[in-house]
Each structure stands twice: as structure tokens, then as C-alpha cells.
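Structure at a glance
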Amino acid sequence: MTDFQARRNLLKIGASASALPFLKWMPASAQGSDTLVVVTGQTINSLDLHRSGTSRASYQVGVNCYDRLVSFGTKEAVGGGYSYDYSVIEPELAESWTVSDDGLVLTFKIKPNAKFWDGRAVTAADVKWSFDRAVSVGGFPTVQMKAGGLERPDQFEAIDEVTFVITLDRPSKLTIPDLAVPVPYIMNSVEALENATEEDPWALEYLHTTPAGSGAFKVARWTPGEQLVYERNDDWVGGPLPALKRVVVREVPSPATQRALVERGDVQMAFGIPDKDAAELAETIDVFSTPVENCIHCLCPNFSFEPFQDANVRKAIAYAIPYDDIFQAAAYGRGLPLYGGEEEITDIAWPRKTQYYTDLAIAKEYMAASDYAEGFEVPLSISLDLASWMEPTALLIQEALGKIGITVEIEKIPGANWRTAVLVEKRLPLHLENFGGWLNTPDYYFFWAYQHGHLFNSSNYLNQEIEDLVNATLHMPMDDPEYAPKIKRMFEIVLDDLPRIPLYQPALNVAANGANGYEFWFHRQLDVRPITRT
């Protein structure tokens, strides 16, 4: 953590507003100057990030209620406000750390004054139990840990009360950054084990509704589908004590309602607002629009659906997509287009423009050459949580694909069920997707989105050369002479195979009216710790 006070002094002051009717939805204590009210369209479906099917909106609990050993630094952000700094690692729960000369042994000293919410001291044994859990529960957290070379409980050792050691199988450029993402947070292992069962040894059911951390905020109340209320932990030592004592995160599905509330000053922040609203609100209140690093909005044909096993069908779709119309209607011209580029790969920039563009004549040629020249029917699935960009995109794709003989029916899935359907079960034949890599390297993106069986490979894609290339580059230093050629080859393969058809790189939009200190994070969730009221 960096000095939050210094950051606050640099931020713009939002337009002031009086308390208006929205506050009647909130407790009386939610109306003071030490309380922040936030609206979001996303659904928090669990308080435990390690639980299968946990929504991305729930990641904020891992950030605000738990500590990690280390965190990223802070820098000024493109689009206003501040951003995490991937190049800077700072202490959070760890007081200090060392790395052996061969890069295989990492030794951390825990802050001796760190306490869980129940008053018990945080120990290296809690860190080991938490890491053991993350690599053992399976699914997203286990694969995330694997990205940093953290794969087995025998790699973690509590030497004494305050000394924790990680032993790697091989040095990796991703290990320490991977410790700063939300997944490896430290839980109160004593409390968790008291509520574990033989069938649930990692207390997944208990921690689903009852966090047990040492972080800056506790959960005072959670009403699923309505709101989450944070209360400050006055004993937090992971960074400067937050100015806010209470934060109310209210789920408001309607973007129009979110906009009206923040514009009038009924709430102090609207998180993740649509691009159109961001462009218009920026004229009257503070709006922060930050390009999301290593993130692509894309159309995903599922290889489990027989027509999409035909390469000609996939290329027909890639040439039929109305990219410009989507970029204007869904992104409102914000973010970066990812189409109409050169086919030759000359660098390792990622995300990057593909060689595809809108040309119905070429699209029809590919369809005619396919085994499905007469066309077929397919559902196109979108998340209601992400309807602000997914719905206009889906409507335009539906119209375009109809012109090449593909009949599309749009399926709208509730946000609480989306992650399970698209990422866990991987059962949606055609869908929109918006994965963003937490660690900002192309090999890391490929690890998650293109390796078979990994969470964000929602297309069920399998290419053995991609498997081998990702495994070779994931831990390789980026200045290794073999790195760039291997990455370029990876680009060539997936842009020909098209398991994910890139549309554009999005921006994350946050409107503030009476709040300072917003900081963008790669996980695209709200870190409430540095925020103040104005």
C-alpha cells in the first residue's frame, strides 16, 4: 500500500450533492461523512473467492476483507485517478521477504502486530493453511496459484510463528506478482477449522457467508441480490487505516437508475457504468475510464458444438461480425478496437488487432466452403449482469450472422448463474466473454483462456502446440531470446483457429460524486480502502 493521503490530495473533487431519496434504502448510519454508498449492476453471490462458481463481483470481498502477503504499488492512471502498478511490489501482511540466489526459496516475515478480527495474532501457520487450501480446492483458485508455480501443500512451510517459506520447483517471473492477486488471501485457520466438517475440510460452506480475515474491512451484513455492508477494522495493519468507517455496496441492475442516483448525488459512486453514460456524465461529475490491461471482449464459438468444429464456419463468423457498429453501439467508441490489423505478427503486444474485418462477401465464401453451407441455428448467450455491452453486441451479431445463414436466438442468463454456465460447465454453444488477465503478460492470458480445461477457456479449445508453448513461456523471463518467437507463434495459431474472436479492448468506467481516491485494479472490482468522502 502507498500513502493514501497523498493520493487523495491529488484527485479532482467531485460535484457536491445533497442527500436525496436513495438514502431511504440505506440504514440511518449510512448517511454520515465517514460512510460511502456505491451502486453496481453486478451480483455478489459468495463471500469466499475459493468457492466454485463465485462471481467476479465477489472478488471485492477478498480484496477488502482479507490480506495477502504483498500488494502492488500505485501509479497515475490513463483516464484519470490512479491504478495499481504491476512493476512495484509492496508489503501488506508480510513485513519483509527474501529470495534465494537461485530463485527457488522465498522467505516471508509476518508483521508481528497483525491480528484477525477475533483478536488472535496472524501466524505463519495461518498462511500455510490458506495456501494449502488455495492449491487444493480445485477450480479457479488452484489454477491461479499454479500460474505462479504454487501447486502443492509441500511447497509451503511455517518455520515459526512469523516465518513462512515457499519452495518452488523452478524460478518463475510470475510467483511474487501472483501473491498480490486476490486468490492467496490469508484466513483465520483456527476459526475455519472449527467450522469445517469431514465432508467440507476447507470450510467452504462456512466461509461462503462468514469471512474470517484480518483485512481493512469486515462484512457487517450481506443480503444476496441486494447489498453488502462493510465496516472498518480499526486494528488493520496492512496499510494506512481507511478514512471510511462504513461502505454500502448496493446492487442496482438498471444502468439508468445507477446513473440517476450518482448524477443527483444520492450515492457517491457508480461502479462499472456503461460507456455511453460515462461519456455523458464526464461533463458534470468525475468519471474515471481506465483501459483494462490484458482484457478482450470477444465472441466465443464452443468447439463442443459440432458446427464450430469447422474452421470455415469460424472464419465466416469472423468476417461477418460488424466490428465498427459494435465498437460504437456497445463501447461508445471507448477502449481500443481489436480488428482490421495486419496478418503478419511482428511484435508481442497483447491485446492486439486481428487481421479480420467486416466483409460479408468473404464470410459467405467461407460458409459456402464449409460443411454447413445451408446454415444452422444456435443460441447466443449473454449475462444480464453485463447487458450494457453484451446486449447491443449480441443484437448486432444476430443480425449479421443471419445474413450468412446462421439463425441466432439470444439467451439471457442471470448474473448469479453466468459464471457457472459459461466457465465451470462450459456448456454455451456461442457466447460473449470478457476475460482479463490479472498478471500482465501474454503467456498468462493464454494460460487461462487457451489452455484446455482452464477456467476461461469457455470454448473447450484444445491445440497441443498451444499447450506446449504456454507451458514453455509461462515461467520464462520475457528477455529470454526464445520468449518472443514462441509468443508470436502462439498469436499465429489462435488467430487462425479462432476459439475466441476479439472485438475490442474495454475500459472500466467509474463515476464519483462526492468521493475521492478511486484506484483501478486488474480484477475490475472496487478497492474501498483508499477512498474518502468529499
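Everything in this summary refers to the structure shown in the same document. Throughout this document, residue positions are counted from 1 along each chain, in the order its sequence is written. In view of the model being predicted, local features appear only for residues whose pLDDT reaches at least 70, and side-chain atom pairs are presented and counted only at 80 or more, with totals across whole chains, interfaces and linings using the full set of residues. Note that water and hydrogens are dropped before the side-chain values are worked out from all heavy atoms of the structure.

1. Quick look at the overall build of the protein
For clarity, the cut-off: The numbering of helices and of strands both runs from the N terminus, where a helix is a DSSP run of H or I of at least 4 residues and a strand a run of E of at least 2. Computation of the radius of gyration draws on C-alpha atoms alone. For the globule rule, the value is 2.2 Å times the number of residues to the power 0.38. Remark: exposure states derive from per-residue accessible area (1.4 Å probe, protein chains only) relative to the maximum for the residue type, with buried under 20%, exposed over 50%, and partly exposed in between.
On a plain count of helices and strands, the protein comes out with 17 helices and 22 strands. Over its C-alpha atoms the protein spans a radius of gyration of 23 Å, differing by no more than 12% from the 24 Å that the globule rule assigns to 534 residues. Seen along its three principal axes, the alpha-carbon backbone of the protein occupies a region of about 70 × 60 × 45 Å. The burial tally for the protein puts 59% of its 534 residues in the buried class.

2. As for the layout of surface pockets
Put simply, the test is: Of the grid points, spaced at 1 Å and generated over the protein atoms alone, those admitting a 1.4 Å probe that cannot get out make up cavities, while open sets with protein on both sides within 12 Å along at least five of seven lines make up pockets; any residue with an atom within 4 Å of a point is treated as lining. Grid points are joined across faces, edges and corners, and a volume is the space filled by probe spheres set on the points. When residues are grouped by polarity, Ala, Val, Leu, Ile, Met, Phe, Trp, Tyr, Cys and Pro land in nonpolar, Asp, Glu, Lys and Arg in charged, and all others, Gly among them, in polar.
Taken as a whole, the largest pocket holds about 430 Å³ of empty space. Around the largest pocket, the lining is made up of 28 residues, and of these Gly 272, Ile 273, Leu 386, Ser 388 and Trp 389 lie nearest the centre. When contributions to the lining of the largest pocket are tallied by element, the ones reaching two or more residues are helix 8 (255–264), helix 13 (387–402) and strand 19 (507–512). The residue makeup of the lining of the largest pocket, split by class, is 15 nonpolar, nine polar and four charged. Taken as a whole, the second largest pocket spans an internal volume of roughly 240 Å³. Forming the walls of the second largest pocket are 20 residues, and the residues nearest its centre are Ser 52, Gly 53, Gly 138, Gly 139 and Phe 140. Contributing elements (two or more residues each) for the lining of the second largest pocket: helix 4 (139–147) and helix 14 (415–424). The element contributing the most residues to the lining of the second largest pocket is helix 4, with four residues. Among the residues forming the lining of the second largest pocket, the class breakdown is nine nonpolar, eight polar and three charged.

3. Observations regarding empty space enclosed by the protein
A complete count under the given rule lists four cavities of 30 Å³ or more for this structure. Approximately 300 Å³ is the volume attributed to the largest cavity. As for the largest cavity, its lining consists of 26 residues, and the residues nearest its centre are Ser 55, Arg 56, Trp 418, Arg 419 and Asn 434. For the lining of the largest cavity, the secondary-structure elements that each account for two or more residues are helix 4, helix 14 and helix 15 (442–449). In terms of residue count, helix 14 provides more of the lining of the largest cavity than any other element does, four residues in total. In the lining of the largest cavity, the residues fall into 12 nonpolar, nine polar and five charged. Considering only enclosed or pocket space, the second largest cavity measures out at about 70 Å³ in volume. As for the second largest cavity, its lining consists of Val 63, Arg 68, Val 70, Ser 71, Glu 92, Ala 180, Val 181, Pro 182, Trp 521, His 523, Asp 527 and Arg 529.

4. Thoughts on the packing of helix 4 against helix 15
To keep things clear, this is the line we draw: A fitted line through C-alpha atoms represents every axis, and for helices the fit uses only the stretch in contact; the resulting angles, taken between N-to-C directions, go from 0 to 180 degrees. Under this scheme an angle from 65 to 115 degrees is roughly perpendicular, one under 35 degrees roughly parallel, and one over 145 degrees roughly antiparallel; angles in between are oblique. Note on convention: near helix rotated counterclockwise from far helix by under a right angle means a left-handed crossing. Clockwise means right-handed. By definition, residues are in contact when any of their heavy atoms lie within 4.5 Å.
Between helix 4 and helix 15, the least distance of the axes is 11 Å, while the angle of their chain directions is 150°. Taken together, the axes of helix 4 and helix 15 are roughly antiparallel relative to one another. Crossing handedness for the pair helix 4 and helix 15: right-handed. Two secondary-structure elements touch here, helix 4 through Phe 140, Val 143, Gln 144, Lys 146 and Ala 147 and helix 15 through Tyr 444, Phe 447 and Trp 448. The residue inventory of the contact of helix 4 with helix 15, partitioned by class, reads six nonpolar, one polar and one charged.

5. Some details on the sheet that holds strand 16 (residues 406–413)
Stated formally: Whether two strands pair depends on DSSP finding at least two bridges between them.
Spatially, the six strands line up as an open sheet ordered 14-18-13-17-15-16, and their pairing is mixed. Of all strands in the sheet, those with a lone pairing partner are strand 14 (336–337) and strand 16, marking the two edges. As judged from the two bridges shared by strand 15 (residues 376–383) and strand 17 (residues 430–433), these two strands associate in the parallel manner. Residue pairing across strands places Ser 381 opposite His 431, the latter belonging to strand 17.

6. Details of the nonpolar core
One broad trend across soluble globular proteins is that nonpolar side chains are buried collectively. To be explicit about the condition: To qualify as a nonpolar core, a set must consist of buried Ala, Val, Leu, Ile, Met, Phe, Trp, Tyr and Cys residues joined through side-chain atoms within 4.5 Å.
Membership of the largest hydrophobic core comes to 153 residues, with the highest contact counts inside it found for Phe 131, Ile 166, Leu 432 and Phe 446. At seven residues, the largest contribution of residues to this core is made by helix 17 (residues 483–497). Among all residues touching Ile 166, those that are not within four sequence positions of it are Leu 104, Val 105, Leu 106, Phe 108, Phe 131, Leu 150, Gln 155, Phe 156 and Leu 179. Val 39, Leu 261, Ile 273 and Ala 511 belong to the second-largest nonpolar core, a separate cluster that totals 15 residues.

7. Quick notes on the pattern of salt bridges
Side-chain pairs of opposite charge can arise whenever the charged atoms involved come near each other. Convention followed: Here, a salt bridge means any Lys or Arg side-chain nitrogen found within 4 Å of an Asp or Glu carboxyl oxygen.
If you walk through the whole model with that rule in mind, you get 25 salt bridges. For Arg 133, the salt bridge goes to Asp 48, with nearest N and O atoms at 2.7 Å. Placement of Arg 133 in helix 3 (residues 124–136) and of Asp 48 in the loop between strand 1 (35–40) and helix 2 (59–65) is noted, with a sequence separation of 85 residues between them. This pair shows no difference in class: Arg 133 is buried, exactly as Asp 48 is. Shared partners join several salt bridges into a network, and the residues in it are Arg 259, Glu 263, Lys 276, Asp 277 and Glu 280.

8. Brief notes about the pairing of strand 16
For a regular strand, side-chain orientation follows a simple rule: the groups alternate between the two sheet faces. How we decide: Here a crossover is taken to be right-handed if, once the strands point away from the viewer, the path from the first strand over the helix to the second is traced clockwise.
In this structure, strand 15 lies alongside strand 16, joined through eight bridges in parallel fashion. From the neighbouring strand, Ile 382 faces strand 16, where its bridge partner is Lys 412. Crossover connection from strand 15 via helix 13 to parallel strand 16: handedness right-handed.

9. Quick look at helix 8
In plain terms, the rule: An arc is given here, and it is the one of the directions from the helix axis to the C-beta atoms.
Of all the positions in helix 8, only Gln 258, Arg 259, Leu 261 and Val 262 are classed as buried. Buried residues of helix 8, viewed axially, fall in a sector of 165°; they line one side. Contact partners of the buried residues in helix 8: strand 1, strand 11 (269–271), helix 9 (275–281) and strand 19. Note on helix 8: the residue one or two positions beyond its end, Gly 265, has a positive phi of about 90°.

10. Details of the environment of Ala 331
Mapped onto the fold, Ala 331 is located in the loop between helix 11 (323–329) and strand 14. Residues Ala 331 and Lys 111 lie 220 residues apart in sequence; the distance between their C-alpha atoms is 44 Å. With residues up to four places along the chain from it excluded, the contact list for Ala 331 reads Asp 275, Ile 326 and Tyr 504.

11. Re the packing of helix 3 against helix 4
Their axes nearest at 6 Å, the elements helix 3 and helix 4 cross at an angle of 110°. Classified by the interaxial angle, the pair formed by helix 3 and helix 4 is roughly perpendicular. Contact residues: Phe 131, Ala 134, Val 135 and Ser 136 in helix 3; Pro 141, Thr 142 and Met 145 in helix 4. A breakdown of the residues in the contact of helix 3 with helix 4 according to their chemical character gives five nonpolar, two polar and no charged.

12. Looking at the state of the cysteines
The following threshold applies: Throughout, a disulfide means two cysteine sulfur atoms within 2.5 Å of one another.
Summed over all chains, the structure comprises zero disulfides. Cys 298 provides the cysteine sulfur closest to Cys 295, a residue in no disulfide bond, and the two sulfurs are 8.6 Å apart.

In short, the description is geometric, and any link to function would need to be established separately.
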